[in-house]
Amino acid sequence: MKIDAQTTDPHQLPRLIRQAEGAVEVDHCLGQRFLGTALEAGRTLTIRGVPGNALGAYLDGGVIEVYGNVQEATGDTMNEGKIIIHGSAGDATGYSMRGGSILIEGDVGYRAGIHIKSYGDKSPVLIVGGAAGSFLGEYQAGGLILVLGLGCEDRAPYGYFCGTGMHGGRIVVRSDHIPVNLPDQVVPQDLTADEIEALRPHLEAYCEAFGVPMSRLLPHRFYALTPNTKSPYRQLYAMS
Amino acid sequence: MQKEGQVRIPSGCAIVGAIDRSGGTICGGDMVRAIAVMHDRSNGLGGGFAGYGIYPQYKDLYAFHIFYAGSSAKETCERFLEKHFDIVNLSKIPTSPHPRVTDAPLIWRYFMAPLPNKLARCQLDEREYVVRCVTRINTQMKGAHVFSSGKNMGAFKAVGYPEDVGEFYRLDEYEGYAWTAHGRYPTNTPGWWGGAHPFALLDYSVVHNGEISSYDANRRFIEMYGYKCTLQTDTEVITYIIDYLVRRRGLTLEEAANVMAAPFWTTIAQQEPERRERLTFLRQAFGSLLLTGPFSILVGFTGGLMALNDRLKLRSMVIGEAGSRVYISSEESAIRAVWPDLDRVWAPRGGEAAIFTVKEGA
């Protein structure tokens, strides 16, 4: 089913998508919120344009592919499924996700992967092709955030306060740069060749989604940021 | 109705700005169409716009936009204006009746110059003279509220959704080199016409999405310098902070941004020595003007726009560039609605002032 978002009531659009059967395509998307909410396994949603906030919130196994940039809180609290973004993403992408994967071709805003966690046999994966803003993986409790840093080779591909409040999971970065100002709640460590090899399925997923040759990603230095159990998080906001 | 202090309304907002750096004109109607995309970020309790370069025929005169509760307030205020200004032109601001914009006050516009004798006698700088007149009207004249007082610019605001407010003020009849727009979702104060954004003083205007938790600390400081916060809203205090820092203390806009959204001490410690010293000085000298809490603001001024997020970037804001045009918005969709083809879309970092100005001589 094909829907022209320009001629559809924005408040009805999420319901139309949910009630449709089979694959749905939405054209001329412009700021409509809550698209693909809780989409189940077996369902696919293709969007052209710029969808609004909370795209794919509570996603439950469906696959969403966007040809354009996305705004804030994409994949908020998603449980399972996949969101592929042929563009960049705004702030709080993957907010509280506990399963499934989000693949972003370009950059992501502030607080990507805030509060993501593993749950039961689920472990969420957030892959950023370009660079991330500050507070990457803030309060991360589980899962994997993978930042490939394409087009951002001259500096660490993330901003200040990376991993603030982090207490579980991993942030893996493809970069030669580790900033001096990392919060002391995270510890950087280079990946071994075996560990990089273990990442290969995720790298392949990115290459396949965006038509990027593996030779652009590998070989390269990767390092992981994990929680520092010797320096648990206290507080940031009130003290400084 | 209940006003500020009598009621608290718990709860976002939407902002859009546009500037043509080569000095070309942008139609007010485009701003209306852009902000309309973010309808759901407002709740109908306030919408407004500020246009720069919209009064070229009176560009050397102060344009006052004033709300009056009734004709007696108007008579009192006009007597005051006649005593202090040479009024070159006055008229009602043209509006169209709109079903969703109701309870309009009387809305008048005055193009004026300070009376030379009066100005000379009080030994004040011309702009300070104008500020004091505005403050006097807004604090002492019941039923009169000056909501715009700059040269070759004007604010237009009301209670309602911003797209309705734009139609009410017939903004498609205005053209300017820069604009800001706001859709309001009031968080602490009731929606009334004076409380809508933008807040403007002289040619500075501010639209704001967020909630400043330092409001009272900021207010106490700024009121020591003759400003009166009459509306209990955080945006009003931001407008006065900018006027104080930039006009009165001579800081650059970027320095003012480093005061309002000062980096964390840990971030300052990592800067090059010269920058570290400057940031330390600003934070120490103007500590009471640090704004805490979430905000994204657009500041309009003669010749440009500044976009600024709080240092933690707790609100969304994106910038789209296309040739000489720059668009700034809470959501990219609002930009794409009117200007679909952009060369570049990016988001400034928290606390990073993005300043865009019209080329000299344009």
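Let me begin by describing the structure that accompanies this report. Please read all numbers here as calculations on a predicted model, not as lab measurements.

Contacts between the two partners involve 25 residues from chain B, matched on the other side by 19 residues from chain A. Taken together, the two surfaces of chain B and chain A that pack against each other cover about 1,800 Å², and 53% of this comes from carbon and sulfur. Where chain B meets chain A, there are two salt bridges. Connecting chain B to chain A are 10 residue pairs in polar contact (both at pLDDT 80 or more). Among the secondary structure elements, those contributing two or more residues to the side of chain B that touches chain A are α9 (265–269) and α11 (332–338) of chain B. Here the element with the most residues in the side of chain B that touches chain A is α11(B); it accounts for four residues. Classifying every residue of the side of chain B that touches chain A by side-chain character gives seven nonpolar, eight polar and 10 charged.

Take the side chain of A:Asp76 next. With respect to the element layout, A:Asp76 can be found in the loop between β4 (60–67) and β5 (80–85). When sequence neighbours within four positions are dropped, the list of residues in contact with A:Asp76 reads A:Gly56, A:Ala57, A:Tyr58 and A:Tyr95.

Moving on, we get to the sheet that holds strand β8 (residues 141–147) of chain A. Residues and elements named next belong to chain A. Reading across from one edge, β1-β2-β3-β4-β5-β6-β7-β8-β9-β11-β10 is the order of the 11 strands in this open sheet, with mixed pairing throughout. This sheet does not close on itself; its edge strands, each paired only once, are β1 (2–4) and β10 (186–190). Direction aside, neighbouring strands of the sheet carry axes that sit 15° apart on average. Pairing of strand β2 (residues 24–30) with strand β3 (residues 44–50) involves five bridges; the strand directions are parallel. Looking at β3, one finds that Cys29 is bridged to Gly49.

A few words on the pairing of strand β10 (residues 178–183) of chain B. Residues and elements named next belong to chain B. In terms of burial, β10 is largely enclosed, as six of its six residues are buried. Neither face of β10 is left uncovered, since the one carrying Ala178, Thr180 and His182 and the one carrying Trp179, Ala181 and Gly183 both have all their residues buried. When strand β1 (residues 14–20) meets β10, the two strands line up antiparallel, connected through six bridges. What sits directly across from Ile19, in β10, is Ala178. Relative to β10, strand β3 (residues 47–52) runs antiparallel, the two being bridged by six bridges. By the bridge assignment, Ala50 is partnered in β10 with Thr180.

To continue, consider the nonpolar core. Within the largest apolar cluster, 57 residues are counted, with the highest numbers of intra-cluster contacts made by B:Phe64 and B:Leu81. With eight residues, helix α7 (residues 234–248) of chain B is the largest single contributor of residues to this core. Counting 43 residues, the second largest nonpolar core, distinct from the first, contains A:Leu55, A:Val66, A:Ile85 and A:Ile171.

About the thresholds
Residues numbered from 1 in each chain as written. Chains lettered and ligands numbered in written order. Predicted model: local features only at pLDDT ≥ 70, side-chain atom pairs only at ≥ 80, totals over all residues. Heavy atoms only, no water. Contact = heavy atoms within 4.5 Å. Buried area = accessible area lost by both parts, 1.4 Å probe. Salt bridge = Lys/Arg side-chain N within 4 Å of Asp/Glu carboxyl O. Polar contact = N/O pair within 3.5 Å; in protein donor to acceptor, adjacent residues only side chain to side chain. Helix = DSSP H or I, 4+ residues; strand = E, 2+ residues; numbered from the N terminus. Nonpolar A, V, L, I, M, F, W, Y, C, P; charged D, E, K, R; others polar. Pairing = 2+ DSSP bridges. Axes fitted to C-alpha atoms, helices over the stretch in contact; angles between N-to-C directions. Buried < 20%, exposed > 50% of the residue type's maximum accessible area, 1.4 Å probe, protein only. Core = buried A, V, L, I, M, F, W, Y, C linked by side-chain atoms within 4.5 Å.

Spatial relationships are all this shows, so hold off on functional conclusions.
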